[in-house]
Amino acid sequence: MRIDIVSIFPEYLAALDLSLVGKARVAGLLDLRVHDLRDWTTDRHRTVDDTPFGGGAGMVMRPDVWGQALDELTATGPAHLVVPTPSGTTFTQRTAEALATEEQLVFACGRYEGIDARVAEHYRAAGHRVSELSIGDYVLNGGEVASLVMVEAVARLLPGVIGNPESLVEESHGAAGLLEYPVYTKPPVWSDLEVPEVLLSGHHAKISRWRRDRALEKTSARRPDLIEALDPGHLDKHDRAF
Ligand code: ADE
């Protein structure tokens, strides 16, 4: 997969050199390029913004500068343009799964009051997919941190990025639609707290049942909305309410 990220603060994206995403890049599983939007400006001050038509506070990012950048980055064929914005639809694990199937993602990181609305409209009309996405109901200073979140969530789903793909199966927001059960490791007693006995029993069926019960219990307490949304076909006959 190819991912381009355009920002006026490309240094924000340096974290993508690290850890799993960094390794995926070195291994050639992910072709990730970070660009400075100001490289597409043509004036002496490298201007990317201007005052909003209609008045109001703050500045808006100019569509002509974004147009130069995005035309160049999408020249090889249709790309999926992602515009992080608190006014977008909510980015979820399902969104990450869908984006992970694309050949090219282009993240357009807005700052100030956002990007002129004609940019999304233009690239949609030109045949690109455009997703305006929010990572949650709070406001960040720009799209960079949101892009970091989304790129990491997508990259770990790419084939070969996670050593043991089984670890993707049982995690929170995975196929079961539940939050993940609590996990434990050595030592078996720490700070007077014992690891639940069943996990030391070696009894796989009992361990699976215990884990599912804890996942149901945790999800009921923390995210009752996820319990409501469970597909009845995914419930098993021993499941009970918590
Ligand atoms: N930019 C500013 N706030 C954001 C959010 N919550 N999600 C995505 N992009 C943003």
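Owing to the predicted nature of the structure, the values given are computational and were not obtained by experimental measurement. (Residues numbered from 1 in each chain as written. Predicted model: local features only at pLDDT ≥ 70, side-chain atom pairs only at ≥ 80, totals over all residues.)

J.: Which parts of the structure should I look at to understand helix α6 (residues 204-222)?
T.: Three- or four-residue spacings in an α-helix give side chains the same orientation, since the helix completes a turn every 3.6 residues. Taking 1.5 Å per residue, 19 residues should reach 27 Å; α6 reaches 27 Å between its end C-alpha atoms and fits that length. All of the buried residues along α6 are Ala 215, Leu 216 and Thr 219. Considered in projection along α6, the buried side chains sweep an arc of 95° and stay on one side of the axis. The outward face of α6, more than 90 degrees from its buried face, is lined by the exposed residues Lys 206, Ala 221 and Arg 222. (Helix = DSSP H or I, 4+ residues; strand = E, 2+ residues; numbered from the N terminus. Expected span 1.5 Å × (residues − 1). Buried ≥ 20, exposed ≤ 12 C-beta atoms within 10 Å, placed from the backbone. Arc of directions from axis to C-beta.)

J.: For this particular structure, what's the right way to read the UniProt feature "domain: tRNA methyltransferase TRMD/TRM10-type" (unreviewed entry) in the protein chain?
T.: Per the UniProt annotation, the sites labelled "domain: tRNA methyltransferase TRMD/TRM10-type" (unreviewed entry) are residues 1-228. Between the C-alpha atoms that bound residues 1-228 there is a distance of 35 Å. The span itself is 31% helix and 18% strand. (UniProt positions renumbered as here; feature names shortened; annotations may be inferred.)

J.: Looking at this structure, how should I read the site of the ligand?
T.: If you check the shell around the ligand, you find Pro 84, Thr 85, Pro 86, Ser 134, Ile 135, Gly 136, Tyr 138, Val 139, Leu 140, Gly 142, Gly 143 and Ala 146 and nothing else. Listing elements by their share of the shell around the ligand, those giving two or more residues are β5 (80-90) and α5 (143-155). Ranked by the residues each element gives to the shell around the ligand, the list is headed by β5, at 3 residues. (Near = placed C-beta within 6 Å.)

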